[in-house]
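Residue-level listing of the chains:
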Amino acid sequence: MKRFNLALRLLWRDSRSGELGLLITALIIAVTSASAVALFADRLQQTMMTQSAEFLAGDLAVSSSASIPNAWLAKAVEWQLKQARTTEFSSVLMEHDEILLASVKAVTEAYPLRGQLKTTESDYANETQSAQGPPAGTVWVEKRILSALKLNLGDRLTVGEKALQVTRILTYEPDKQGDFFSFSPRVMMNDADLAATQVIQPGSHVHYFAQFTGTEQALQAYSQWLKPQLNPSQRLLDIRQDRPEIGLGIERAERYLSLSSIVVILLAGVAIAMAARRYSERHFNATALLRCLGCQQQEILFLYGSQFIVLGLLASVVGCGLGWLAQAGLFHLLKPLLPQHVANPSPVALLFGAVIGMAVLLGFALPPLLRLKQVSPLRVLRRELEPLPSSAWLVYGLAISIVGILVWQATHDLKMTSTILGVGLVCWLLLGALVYALLGLIQPLLPKLSLSWRFGLQGLSRNRTASVSQILAFSITLVAMLLSYNVRNDLLDNWQKQLPENAPNHFALNIFPDQQAAFQQALQAGNIRSSRFYPVSRGRLVAINAIPVQKVVSKDSQGEGATHRELSLTWSQTLPEENSLSQGIWWTSPQAGQVSVEQKLAESLKIKLGDKLTFTLGSEQLEATVTSIRALQWGTMKPNFYMIFSPGTLDAFPSTYLTSFYLPAADKNQLNGLVKQFPAVTLLEVDALLQQFKTLLSQLTQAINYLLYFALMAGFTVLFAALLSTLDQRIYEGALMRTLGANRRLLQNAHLIEYGVLGLLAGGLSVILSETLLYVLYTRVLSLDYHPVYALWAIVPFGAAVLVGIAGLLGLRGVLSKPPLQVLREL
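Residues numbered from 1 in each chain as written. Predicted model: local features only at pLDDT ≥ 70, side-chain atom pairs only at ≥ 80, totals over all residues. Heavy atoms only, no water.

### A look at unusual backbone geometry
Leave glycine aside and you will find that most residues have negative phi; peptide bonds, for their part, are mostly trans. Look at the link from Tyr111 to Pro112: it is a cis peptide, with omega at -5°. With respect to the helices, strands and loops of the structure, Pro112 is situated in the loop between β3 (98–107) and β4 (117–120). Even without being a glycine, Lys150 presents a positive backbone phi close to 55°. Positive phi outside glycine occurs at Asn527, with the angle close to 55°. Relative accessible area serves as the criterion here: at 72%, Asn527 is assigned to the exposed category. (Helix = DSSP H or I, 4+ residues; strand = E, 2+ residues; numbered from the N terminus. Buried < 20%, exposed > 50% of the residue type's maximum accessible area, 1.4 Å probe, protein only.)

Following this line, the structure appears as structure tokens:
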């Protein structure tokens, strides 16, 4: 206790003298940034996942081609899960001598468990939200049903044998699935009226859904209990697999949030390391005196280590409080763009910020502190006697270990973590050696330069090791900023390319070959822009290299879902615009019997180039050889296919055509004309899905913008810490030079030149490092196309030279204002 009390007294003395000002500031910023990002990311991810759950109308959903077993529903009650059920089927509606094929959805009282239904009246003036579906005896319908069947609100609509009153116009339902049943014009009714319609008979094509909500533990337990009981026609719905256009955006955003947290923590750690180094160097003399008074090395380590632990705990409390306020402020600014109900901050996320703060403090500050226990008592007499530096393995090993753990947590891929760290370290060491060599070439040039340039460059070349450390520290800062900025821009550009302003919002299916030209002319006559027309045949993948596909596919994978249903098979002479080859080559002079496979499905089914795939189409079989594997964008709202065959392969099988097109809301009535002209064609509307996707991406965009500011704040902290880390040496050198006759203007120019060149070198290194890491991140982690930004090669180095030069001049202005006599007396 006596040693701990002494440590507290020393800590109090240093805090009163301002000795710990920089260290405390860096530590509080580190904890604040880590806490704010952790809380912000946690709340945002919880909110996004809650909103994503609206796409399923629950936290967990089950689909089945048969009625959901009562035993499953009873088991959900045991786990205290709330539940709702929906039944979807197609039915022909007839009113006022008009006929329309519609999608009927019967819902129970609890539907929807997540999200809200939106309805309006005939004048569309008052849109209202509802937590429940239509009451028994009534139906809600989409607008096109009223115009197609010449109905008004209050009229009766007959579904099967049951007449129901139309009371509201349905404008939004959260769980509209991407299938035939959901995208036909919707009729929503109460499940209590379903039996009276007598529409569902043995052999009817019906989809049954059950939605569940509850605690995370209960949902996981129920899911694990349910999975072994699912047959091939039943499956659990997952937002990432069943809605790839939504899931991919969420997955990329989550990875970006995690990587942004690592960037901020890394920058804050560099600032702490620099501040701790200056703190330890300024305590060499006091430590030598303590050694003379009898303190042993372990006691010295305890004194300073306990001070830093206390300092870390206090800074963690303050930083967590500021981080809480920061994330609350961010959510307040984002309130117009976020869902109405935002998830509450998690105490675990707040604790994570505190733990990360302590880990960063110890990992980056411990190596400089270890030098204090090696201070010799002889330093009392010989001030130039400095302790030996800590082992390089210790200095860099602790910091690299912390960063590695954080990267692994973000990627959950040990190989990828090793690749990122390995590439970064190799590039960093190679470029550090290059900078060391370049600084050695400066010395022969000094006699030929003016006095200001000579003094400025001499400051870099005189102590090349310290200069290289500063340059690498600045380069890490700039790399982190460039990574955050480039990834943010490319994510947003990628999303905007997926969903341009006039993205297709309708699909046309079942276009017969003899009607394809006429349908295309009808679209052109109505000034409707369509995507490419694709021929489609229905088939099932049954074998890979003569091995039944059921023996190859793993359970609950994307491949399992694709092999348990018929696929839309097409053929094409050219590679579709939204596709890119990841393996193999596209056929230039195609021969029948070749097939190109979508990349993720190929990975799930372990399909490789040259494999023989067997398909069944109707009663016949077809074999094709895999000649290429494609990566494609699922979120473009244009037709996409798992399998594309070479021309001539599917000529013997019947086919129809498929296309998508954009139609403004004001021109929706044109759909009725198309239906009458082409009654066999199925038109699917995806406006609601498109709006959901755009809303989600808008929220993610704003969140990413604000996370960039945290990285910038941490980056400037590094810059400030680097400037002050050599402040004592600058003050001494400035006083000595002024004593020898140097004027203030000469010293200002020398400092400006020194830090300007330092910034120029750091900027050049940062561009090389960032481009290397961006290539790894884009190709291995974020699944984005890499393309170098050549403008940065000129802007960043010169921008860094100006920024670091001005910052150095401002940060060292105290060097020129302190009287030389006072400085020399204090030595």
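What follows continues from the structure just given.
### What to know about the pairing of strand β2 (residues 82–95)
Pairing between β2 and strand β10 (residues 206–213): eight bridges, direction antiparallel. Across the sheet, Thr87 pairs through a bridge with Tyr208, a residue of β10. Note: β2 against β3, ten bridges, orientation antiparallel. Bridging from a neighbouring strand, Leu93 pairs with Leu100 of β3. Remark: two residues form the turn of the hairpin made by β2 and β3, two consecutive strands paired antiparallel; His96 in that turn has positive phi of roughly 55°. (Pairing = 2+ DSSP bridges.)

### Things to note about the packing of aromatic side chains
A complete count under the given rule lists seven aromatic pairs for this structure. Seen from their ring centres, Phe519 and Phe533 are 6.5 Å apart, and the 75° between their planes marks the pair as edge-to-face. Note that Phe519 is positioned in helix α17 (residues 516–525) and Phe533 in the loop between α17 and β13 (534–544), a separation of 14 residues in sequence. Here Phe519 and Phe533 have matching classes, each one buried. Note on Trp586 and Trp587: the rings are 4.2 Å apart at their centroids and 35° apart in plane angle, and the pair reads as tilted. Comparing Trp586 with Trp587 shows no difference in burial state: the two are buried. Each residue in the set Phe212, Tyr222 and Trp225 is aromatic and connected to the rest through ring pairs, giving one cluster. (Phe/Tyr/Trp six-rings, centres within 6.5 Å; stacked < 30°, edge-to-face > 60°.)

### Here we look at the pairing of strand β17 (residues 594–598)
Among the five residues of β17, five are classified as buried, and the element is accordingly described as predominantly covered. Burial along β17 is two-sided: the residues Gln594, Ser596 and Glu598 and Val595 and Val597 are all buried. Summarising the sheet, β17 and strand β19 (residues 620–632) pair through five bridges and their orientation is parallel. Bridging across to β19, Val597 finds its partner in Ile629. Note: β17 against strand β20 (residues 643–645), three bridges, orientation antiparallel. Within β20, the position partnered with Ser596 by the bridge is Ile644.

### Some points on a nonpolar patch on the surface
Where nonpolar side chains cluster on the molecular surface, the patch consists of Leu289, Leu293, Leu378, Val380 and Leu381 and spans about 550 Å² of accessible area. The topology assignment puts Leu293 in the loop between α10 (284–292) and α11 (297–333). Leu293 gets classed as exposed once you look at its relative accessible area, which sits at 69%. (Patch = residues over 30% accessible without salt bridge, like charges linked within 9 Å, V, L, I, M, F, W, Y side chains within 5 Å. Areas by Shrake-Rupley, 256 points an atom, 1.4 Å probe, with all protein chains shown as cover. Salt bridge = Lys/Arg side-chain N within 4 Å of Asp/Glu carboxyl O.)

### Quick look at the pattern of salt bridges
Opposite charge on two side chains makes pairing possible when the charged atoms of those side chains draw close. Tallying each qualifying case throughout the model produces six salt bridges. Between Glu88 and Arg186 there is a salt bridge, with its nearest N and O atoms 3.8 Å apart. Taken as a pair, Glu88 in strand β2 and Arg186 in strand β9 (residues 186–190) lie far apart in primary sequence, 98 residues in all. Both residues of the pair, Glu88 and Arg186, count as buried. Lys150 is the partner of Glu98 in a salt bridge, and the nearest nitrogen-oxygen pair spans 3.4 Å.

### Here we look at the confidence of the model for the protein
Residue-level pLDDT values for the protein average 77, and 75% of them are 70 or greater. Per-element averaging of pLDDT across the protein places helix α5 (residues 180–183) at the bottom with 44 and β20 at the top with 93. Contacts of residues 178–182 to residues separated by more than four positions or lying in other chains number 17 contacts, the stretch itself having pLDDT below 50. (pLDDT = per-residue confidence, 0-100. Contact = heavy atoms within 4.5 Å.)

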